[in-house]
Amino acid sequence: MARMKFLCDADRCIECNACVTACKNEHDVPWGINRRRVVTLNDGKPGERSISMACMHCTDAPCAAVCPVNCFYTTADAVVLHSKDLCIGCGYCFYACPFGAPQYPRVGNFGSRGKMDKCTYCAGGPEADMSEAEYVKYGRNRLAEGKLPLCAEMCSTKALLAGDGDIIAQIYKERVVKRGYGSGAWGWKTAYRETVAI
Amino acid sequence: MRIARQVFYTFFALALGLIVLSAPATAQHGQDVKPAAGGNPSGTNPTAMSVKEEQLLRELNKLQGRISIPDGKAALLEQPQGREYRGFREGVLPWIAGVAILGMLLALAAFYFTKGRIMLEPGEESGRKILRFNAVERFTHWLTATCFIVLAITGVNYIFGKRLLMPLIGPDAFAAWSQWAKYAHNFLAWPFMLGVLIMLVVWVKDNLPDRYDWDWLKSAGGFFSNTHPDSARFNAGQKLIFWSVVLGGMALSATGIVMLFPFSFADLNGMQWAQYIHAVIGVILIAIMIAHIYIGSIGMEGAYDAMGSGEVDLAWARRHHRAWVEEQQAKTASGPQATARPAPAE
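Keep in mind that this is a model prediction, so the values were computed, not measured. Per chain, residues are indexed from 1 in the order of the written sequence. Chain A is the first chain written and ligand 1 is the first ligand written, with later ones labelled in order. In keeping with the predicted nature of the model, local features appear solely for residues at pLDDT of at least 70, side-chain atom pairs appear and are counted solely at 80 or more, and the whole-chain, interface and lining totals rest on all residues.

A word on the overall build of chain A
- Strands here are runs of E lasting at least two residues and helices are runs of H or I lasting at least four, both read from the DSSP assignment and numbered beginning at the N terminus. Regarding its fold elements, chain A presents seven helices and six strands.
- Listing the helices and strands of chain A from first to last along the sequence gives β-α-β-β-α-β-β-α-α-α-β-α-α.
- Each radius of gyration is computed over the set of C-alpha atoms, and the globule rule expresses the reference value as 2.2 Å times the number of residues to the power 0.38. Computed over C-alpha atoms, the radius of gyration of chain A comes to 16 Å, within 12% of the 16 Å expected from 2.2 N^0.38 for 198 residues, which places it in the range of a compact globule.
- If one aligns the C-alpha atoms of chain A with their principal axes, the spans along those axes are about 50 × 40 × 30 Å.
- Here a residue counts as buried when 20 or more other C-beta atoms sit within 10 Å of its C-beta, as exposed when there are 12 or fewer, and as partly exposed otherwise, the C-beta atoms being derived from the backbone. Within chain A, buried positions represent 53% of all 198 residues.
- Contact between residues is assigned whenever the C-beta positions, reconstructed from backbone atoms, fall within 7 Å. Relative to all contacts within chain A whose residues are 6 or more apart in sequence, the contacts with residues 24 or more apart total 56%.

Here it is in C-alpha cells:
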C-alpha cells in the first residue's frame, strides 16, 4: 500500500487557485467551507511564495488524537478520514490541527459548529465506496475510482503533487536537482516528521 | 520519427550551448553570478530571497500570510502550537483531572472511614429551628449546583468519555450521548453564569474575611481535633468554597464564552489557551465541589437541612456558627424563633 501525501512545490505555485476551485466543484463543498486554500507569504515583497494547503493527512494525526469521540480513522493508504455520523462538532481538531484543515458549516451559534468537514484526499468516508450517502457527506471518492486527488491533477503548473510519498518526493528532488533550487516540502516536517532532503 | 527527434534535440542542445558560451559576456554587467548547481540557464538562484519555512517558523513560530478567499482566518498557514495543544489535552490534562478528582475522592473516603461522620452530640438537638437560607438563597444555590453537576459530567466526558464510557456502550451510542452532552454543556453554561452572579450579589457580604477566619484556619476547622472554632454566618472553609465558586466560575465563564463564539474574542492560539485555563480550573473546581457535597450531605449530620428546608437546628447552628446565631438573636428581641426571618439578601 502506498503512503499518500501532498507536496506543494512553492517555487512553482502561482496562486491561481485552480486547486481550490477544482476541490469545491468536485465535492460540491458548501459555501463558506474551503477544504483547500492557497496562502501567500510575504505578499508583494521580494521572495513572496504561495503555498496550496489542505489536510496533510499527518502521520500520527493530532486531530485524531484529540477527538473526544474518536471519529477519525486512517485508511490503508494512510489517508486520515473521519465519520460525520460520530463527529459532535466540538472544534478540538481545529485547535490541534497545525494546518487549519478542519472546517465547520456554522460558526458562532453557541459553539454549535455542525459536523466537521475537511479534505478527504478525494477518498470519501466510512460509507460504501462511491455510494450516494458517501458523496453527500464527503464528496467524490476518486481514490476508489483509481484516480488521484483532483486538486493535484488539475494544478496548472504541477506545483501540487499528490500520490505516494516516496514517489512525489523523488519527483520533487529531481526538479530541485534540475533547476538548482527549491524551498522544500512545506509542512512535511510538521505533518510527517520528515522532510525532503534537497 | 525517432531519428528525426534525436536530430532535433542535438541541434537544440548545440544552440543552447552557444547561448551559454556567449552568456559570460552579458553577465559581466551584472553582479557576481554563481553557477547554479543544476544548470539553471540564468545562472542565478531566483529563490535566493524567498521565504523559508524553517526560518519563518523559527522567527515567528507560525506561518501567516494573505489569502484571497473571504475566510480571513484561513490565512494562518501553519501553527505548530497545535502539537502543544494535543500534548496538553491528551497528555497533561487527563493526569491533572484524574489526580484531582480521584485524589479528592480517596481523601474523603479516608476521612470517612477513619473519622466517620461528624455527628451531633447526644441530646444536642434542641428541636428548635432557625432559618439559615431563605428561598432566594436556596434557589440560587440549587440553580448553580444542578447546572454545575451537569456541566461537570459533560465536561469530564470530553476528557474521559472515550476512555471509559465508549468501550462500554460503543462508538455510535457514545457519539449520540456526547452530542447531547455538548449541547447541555453549551446551553446550561448560561444559567450557571447567572447563578454565579446572583450568588456573588447575595453572599459576598458574608464572605469577606473577618476576625474568626484565622483561628478557624489554624485549627483546620476542627475537623481533626473535634473542636468547633467560632465563626459568623460562614466559616473560613465556607468562604473558601464561595470564593472558589465565584472566581473559578467567572474564569470558567470567560474562557467558555471565548470558546462558544469562535474567533469573536480570540484567535486560534487564544482559544487554545482558553481551553487550557477552562479545563484546569474546571477539574480543580470539580474536586472542590466533591468535598463540598460530601460535607454538606453525608459528611456532617444536620448540615444538609440548611440547603434542604433552609432551617437548621438551633443547637447545630450555635455549635458551628455561634457568632451568626447571636447576631440573629440580637436582631429579634425574643430569641431564636423558628419563624424569625433574617434580613433579606443575607
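Looking at the overall build of chain B
- From N to C terminus, chain B includes 10 helices and five strands.
- In chain B, which comprises 346 residues, the proportion classed as buried is 27%.
- Excluding contacts between residues fewer than 6 apart, the proportion of contacts in chain B whose partners are at least 24 apart in sequence is 64%.

Let's talk about the interface of chain A and chain B
- Listed by partner, the interface residues are 47 residues for chain A and 54 residues for chain B.
- When contributions to the side of chain A that touches chain B are tallied by element, the ones reaching two or more residues are strand S2 (37-41), strand S3 (49-53), helix H2 (62-66), helix H3 (92-96) and helix H6 (165-179) of chain A.
- The dominant element in the side of chain A that touches chain B, judged by the number of residues it contributes, is S2 of chain A, at four residues.
- Looking at the side of chain A that touches chain B residue by residue, the class counts come to 25 nonpolar, 16 polar and six charged.
- Should DSSP find at least two bridges between two strands, the strands are taken to pair. The sheet contact formed by S2 of chain A and strand S2 (residues 66-67) of chain B spans two bridges and is antiparallel. Bridge pairing in S2 of chain B links Thr 40 of chain A to Arg 66 of chain B. Nonpolar residues are Ala, Val, Leu, Ile, Met, Phe, Trp, Tyr, Cys and Pro. Charged residues are Asp, Glu, Lys and Arg, and all others, Gly as well, are polar.

Section: the nonpolar core
All names here are of chain A.
- A set of buried residues qualifies as a nonpolar core if it consists of Ala, Val, Leu, Ile, Met, Phe, Trp, Tyr and Cys joined through C-beta atoms within 7 Å. Cys 8, Cys 93 and Leu 160 are the most contacted members of the largest nonpolar core, which totals 78 residues.
- The element contributing the most residues to this core is H3, with five residues.
- In this structure Cys 8 touches Cys 13, Ile 51, Ser 52, Ala 159, Leu 160 and Trp 186, once residues within four positions along its chain are discounted.

Re the packing of helix H4 (residues 135-169) of chain B against helix H5 (residues 171-203) of chain B
Residue and element names in this part refer to chain B.
- Contact pair H4 / H5: the axes reach a minimum separation of 7 Å and the direction vectors enclose 155°. With respect to their mutual orientation, H4 and H5 come out roughly antiparallel. Remark: the crossing between H4 and H5 carries left-handed chirality.
- Residue composition of the contact of H4 with H5, grouped by class: 22 nonpolar, nine polar and one charged. Angles run from 0 to 180 degrees between N-to-C directions of axes, and those axes are lines fitted to C-alpha atoms, restricted for helices to the stretch in contact. Oblique is the label for every angle not falling under 35 degrees (roughly parallel), over 145 degrees (roughly antiparallel), or within 65 to 115 degrees (roughly perpendicular). Whether a crossing is left-handed or right-handed is set by the direction in which the near helix is turned from the far one by less than a right angle, anticlockwise for left-handed and clockwise for right-handed.

With respect to the sheet that holds S2 of chain A
- Pairing is antiparallel across the open sheet formed by three strands, whose spatial order is S3(A)-S2(A)-S2(B). Of all strands in the sheet, those with a lone pairing partner are S3 of chain A together with S2 of chain B, marking the two edges.
- Here five bridges tie S2 of chain A to S3 of chain A, and the two strands are oriented antiparallel to one another. Looking at S3 of chain A, one finds that Leu 41 of chain A is bridged to Arg 49 of chain A.

Here we look at unusual backbone geometry
All names here are of chain A.
- In this structure, His 57 is a non-glycine residue whose phi angle is positive, near 55°.
- Along the chain, His 57 turns up in the loop between S3 and H2.
- A count of 27 C-beta atoms within 10 Å places His 57 in the buried class.
- The phi angle at Arg 193 is positive, at roughly 55°, despite the residue not being glycine.
- By the secondary structure assignment, Arg 193 is in the segment after helix H7 (188-192).
- For Arg 193, a count of 10 C-beta atoms within 10 Å gives the class exposed.

Digging into H4 of chain B
- The span one expects for a helix is its residue count, reduced by one, times 1.5 Å. Counted at 1.5 Å a residue, the expected span for H4 of chain B with its 35 residues is 51 Å, but the 41 Å between its end C-alpha atoms falls short.
- Positive phi appears at Gly 170 of chain B, one or two residues downstream of H4 of chain B, with a value of about 90°.

A closer look at the environment of Leu 252 of chain B
Residues and elements named next belong to chain B.
- Along the chain, the position of Leu 252 falls in helix H7 (residues 236-260).
- For the pair Leu 252 and Leu 164, spaced 88 residues apart in sequence, the C-alpha to C-alpha distance is 25 Å.
- Apart from the residues lying within four places of it in its own chain, the contact partners of Leu 252 are His 278, Ile 281 and Gly 282.

Considering the environment of Val 150 of chain B
Residues and elements named next belong to chain B.
- Of note, Val 150 is situated in helix H4.
- Overall, the presence of 18 C-beta atoms within 10 Å leaves Val 150 in the partly exposed class.
- Setting aside anything within four residues of it in sequence, one finds Val 150 in contact with Ala 184 and Leu 188.

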